[in-house]
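Each chain is listed here by its residues.
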Amino acid sequence: MRYFSGSQNIGILLLIFVFMGLQFFMLDRPYSLLGDEIYYVPEAKSILNHNGLLHPEHPPLGKLFITLGIRLFGDTPFGWRFFPVLFSSISILCLYLTCLRLNLPRWAGLAVAFLFAFENLSFLTGSMATLDVFMLTFMLAALLAFLDRKLVLAGLLAGLAALAKLPGVFVLGVFFLYWLVLERENWRLIIIPVFTSGITFLGLMTLLDFVVAGVWQNPLITVQNMLSFAATLSSDEVFGISINSEPWEWLVNRGVIFYSYSPQRIALVSYTVLCLVIPAVIYSIRGSFKKEKQAVIALAWFACTYLSWLVVSLIFHRLMYIWYFYPVVPGICLALGYGMQRFTGMAQDAGNHRLLISVKTGVLLYLLVHLVLFILLSPVGIPLVKWVYTG
Amino acid sequence: MKKKTAVMLFCGAVLIYSLIVICLSWSEIREGLAIGRGEELLAKGQYEQALTVFTILIDSNPDSEKLYYNRAMAYLGLKQYERAISECEIGMGKSNSITSYYNYLNLQAIIYTQIGDYQRAGEICAKAISAVPHFAQAYSIRASVYFYQRDYYHALKDCEKAIQLDSSNTLAYKVKGWIHAKAGEIDKGELEKAIENFNRVIKLDPEDVNTYYNRGMAFYKEGKKEQAIADFNRVISIGTEPELSQKSRELLALIEKEN
């Protein structure tokens, strides 16, 4: 909380306010289930009616938030998507606070939060009644707690991330890489979060399973069933279209999913972020060799949330979808923020005023292009199909 | 100087990479947008144009199962039922998942319902329900089949099931509205329930011309002529169903005469 006092944070509050405003404005457009919501909303209603789980292949925490939304606000898009929007707003805040914790200047933190908030895939996934948004928010909160050295809390939040969706466990990989590169002598850094997250995950899994299904189950068997189901996933589609894609295809926006045309909801990564993934990662590798904290975290996040899928895809040939890139986005935004800060710093150090002005203008222009792209791609603007086919 | 060259090289590489990314994804996005355009034409009732769009797309991508679904929809709109069914069969042959198979079964059931072969339509719905019992669509289609068979009890039961699974399922509200409107012929109190359901449909799909017409009829029967006039005018202004537009004009003339 010490990073979050005074008037200097008015920018982030304004950003979140605008983000939430847009999300709530678009919440019931279209007034129908989108993508995987066709699984999770009926499942939430099944839980609400004490009929248990329809899709036991995922842990119950995220589904319970959707259930709570329906319980509080009714079986409407507002009820389905209220908690996802709330969580995605919290995730923006967590990312901003992480930037501050990593000693990035406030303007860079704000730029990172801005990039994340108005990135098309994040905006879209952050408003859908699916599990990814809950998982990512807990992951980011866990990272923040970890950087604050609140290791028990970090483990607890990592456990909750995995309880929302199993890949939430990847955040432990981020902790591990951080420990490995920067503080190898401090064993507590890795032991405490791993231990706490394990206890949280197994303990709460049993409890939540009892809440939703009314029976006590061995959490290890539940997890084993989930993993064996995940391994069998070999093909799927949305309304007839084959929508699965390979992780390397996400880097060039292949496997795009059109959830709806009007309003436009297209699952694709904003080009302003996507085109800079590889440069940002390369720059983070360079920074990691210099043991710069921001670069290490950005790179570790990318490795755990993206490269893990690459490995899973190569070994298990499991089906994957472009929205799996959603948790990768904060890491890329962080790397971009790190790059922006470094470039501005270098210009400042060079004492070249013209160069500094050029770099700052470049950053502002880049953020402006990002905003324009958001308006073009997101549900907020005029649908692309109208742009392309009118006249 | 060395640093400057490195920065320029880096920027150049980023630019080239960006161009490659945009080029690689553009064909996929363009195809997606073309499908969107076709779907828009289908929604507007411009079936001939939609058929042309989907035929061009199928010619360039014959393995895309989704496109056969869309072309079947266009044939259905043109009332070329046999062609629509054969498109479904091609699509089903290409479908590689249970959801796709389910969607084709549902479309076939709709086609058979329109032909009036309720027996076959009912059988296909049952097949779809047993394939994916937790999806709402097949229940609502079967509800419409029961409605046409005048089995209102089972129709209502399937509507409730569909709504329970997906509260945004328009067909279920539509069929409920039809049932209550039918009951309104005997008990006028039922008309209010019919209007309630039609309101839900219009909230979900503000361009549903059939439902405006049905709601207009319910208002008319209730004696709420102003609301009925508004709905019939809406049918004419949307104008995607010439037959309904003509009927609406006739009803408007009748109301004027009565006044």
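So, a few notes on the structure that sits alongside this text. All figures in this text were calculated on a predicted structure; none of them were measured in a lab.

### Considerations on helix 10 (residues 188–213) of chain A
All names here are of chain A.
- Helix length check: helix 10, at 26 residues, gives a terminal C-alpha distance of 36 Å against a target of 38 Å (1.5 Å per residue), a fit within 8%.
- Listed as buried for helix 10 are Leu189, Ile190, Pro193, Ser197, Thr200, Phe201, Leu204, Met205, Asp209 and Val212.
- Positive backbone phi, at 80°, marks Gly214, one or two positions downstream of helix 10.

### Some points on the interface of chain B and chain A
- In this complex, chain B contributes 35 residues to the contact, which on the side of chain A involves 31 residues.
- Every element with two or more residues in the side of chain B that touches chain A is listed here: helix 1 (2–43), helix 3 (65–77), helix 5 (98–115), helix 8 (152–165) and helix 10 (189–204) of chain B.
- Among the elements that take part in the side of chain B that touches chain A, helix 1 of chain B stands out by supplying 16 residues, more than any other.
- Of the residues contributing to the side of chain B that touches chain A, the split by class is twelve nonpolar, 15 polar and eight charged.

### Structural notes on the packing of helix 1 of chain B against helix 3 of chain B
Residues and elements named next belong to chain B.
- At a closest axis distance of 10 Å, the pairing of helix 1 and helix 3 adopts a crossing angle of 20°. Judged by the angle between their axes, helix 1 and helix 3 are roughly parallel. Of the two elements, helix 1 crosses helix 3, and the hand of that crossing is left-handed. Between helix 1 and helix 3, the residues in contact are Ile35, Gly38, Glu39 and Leu42 and Asn70, Met73, Ala74 and Gly77, respectively.

### Brief notes about unusual backbone geometry
- Note that the residue after Arg29 of chain A, namely Pro30 of chain A, is joined by a cis bond; omega there is 0°.
- Mapped onto the fold, Pro30 of chain A is located in the loop between helix 1 (10–26) and helix 2 (37–48).
- One non-glycine residue, Lys291 of chain A, adopts positive backbone phi at about 60°.
- When the 10 C-beta atoms within 10 Å are taken as the criterion, Lys291 of chain A is described as exposed.
- Of note in the backbone geometry, Arg150 of chain B takes a positive phi value of approximately 60° without being a glycine.
- When you line up the elements, Arg150 of chain B lands in the loop between helix 7 (137–148) and helix 8.
- For Arg150 of chain B, a count of 8 C-beta atoms within 10 Å corresponds to the exposed category.

Cut-off values and rules
Residues numbered from 1 in each chain as written. Chains lettered and ligands numbered in written order. Predicted model: local features only at pLDDT ≥ 70, side-chain atom pairs only at ≥ 80, totals over all residues. Helix = DSSP H or I, 4+ residues; strand = E, 2+ residues; numbered from the N terminus. Expected span 1.5 Å × (residues − 1). Buried ≥ 20, exposed ≤ 12 C-beta atoms within 10 Å, placed from the backbone. Contact = placed C-beta atoms within 7 Å. Nonpolar A, V, L, I, M, F, W, Y, C, P; charged D, E, K, R; others polar. Axes fitted to C-alpha atoms, helices over the stretch in contact; angles between N-to-C directions. Parallel < 35°, antiparallel > 145°, perpendicular 65-115°, else oblique. Left-handed = near helix turned anticlockwise from the far one by under 90°.

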